[in-house]
Amino acid sequence: MQNNINAIIVEDVKKFHAVIETFLNEVAPQVKIIGNATSLVEAKEFILKLSPQLVFLDIQFDAEGKTAFDLLKDLSDLNKLDFQIIIITAFNQNEYYEEAFNYGALHFLTKPIDKVKLKNAINRVSQ
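Along each chain, residue indices are assigned from 1 in the same order as the chain's sequence is written. In keeping with the model being predicted, local features are shown solely for residues with a pLDDT of at least 70 and side-chain atom pairs are shown and tallied solely at 80 or more, while totals for entire chains, interfaces and linings include all residues. To obtain the side-chain values, all non-hydrogen atoms of the structure were included, while hydrogens and water were left out.

1. Some remarks on the pattern of salt bridges
Move 1: For salt bridges, the criterion is a side-chain nitrogen of Lys or Arg within 4 Å of an Asp or Glu carboxyl oxygen. Applying the stated rule across the entire model yields four salt bridges.
Move 2: One salt bridge in this structure joins Lys111 and Asp58, with 3.6 Å as the shortest N-O distance. Residue Lys111 is found in the loop between strand 7 (107–110) and helix 5 (115–126), and its partner Asp58 is found in the loop between strand 3 (54–57) and strand 4 (60–61); the two are separated by 53 residues along the sequence.
Move 3: Overall, the relative accessible area of 25% leaves Lys111 in the partly exposed class.
Move 4: Put simply, Lys73 and Asp77 hold a salt bridge, and the shortest N to O gap is 2.8 Å. Of this pair, Lys73 and Asp77 both sit in helix 3 (residues 68–77), four residues apart, roughly one helical turn.
Move 5: Accessibility here uses a 1.4 Å probe with only protein chains present; expressed as a share of the type maximum, an area under 20% marks a residue as buried, one over 50% as exposed, and anything in between as partly exposed. You can call Asp77 exposed: its relative accessible area is 54%.
Move 6: Residues joined in a network through salt bridges with shared partners are Glu11, Asp58 and Lys111. Secondary structure counts use DSSP, requiring at least four H or I residues in a row for a helix and at least two E residues in a row for a strand, with both numbered from the N terminus.

2. Quick notes on the pairing of strand 6 (residues 84–89)
Move 1: With five of its six residues buried, strand 6 lies for the most part within the structure.
Move 2: Should DSSP find at least two bridges between two strands, the strands are taken to pair. Taken together, the four bridges between strand 3 and strand 6 define a ladder with parallel strand orientation. Bridge pairing links Leu57 to Ile87 in strand 6.
Move 3: Sheet topology note: the strand 6/strand 7 ladder contains four bridges and is parallel. When the bridges of strand 7 are listed, Ile88 appears paired with Leu109.
Move 4: When the strands point away from the viewer, a crossover counts as right-handed if the path from the first strand over the helix to the second runs clockwise. What joins strand 6 to strand 7 is helix 4 (residues 94–102), and the crossover it makes is right-handed.

Below you can see the structure in the form of structure tokens.
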């Protein structure tokens, strides 16, 4: 039996949280969602309070006028970037790939999510 992986979903579109959770239940039941954030402010609070092992992170947060990289920089400055990152986004520009991997992202998944790629990403987290 595999150990559970505590995770947080950070996605500004609420209905997409359910999609991610449904896919995780199918391909990676060892992932336990311990928090759902729809803003970067909420995400920072959850990460600092809950100490997840994994964060599923969207990039664009238009309502806040920021990106996930603003959050990652804040957490890095606090020396609290101690979790695995899987980016899930509709934005797949090259500069986003580079910045995501600069922050140690394990995987960069584009929407719509491919279940096989999601499972492979989770397998990398487990290793």
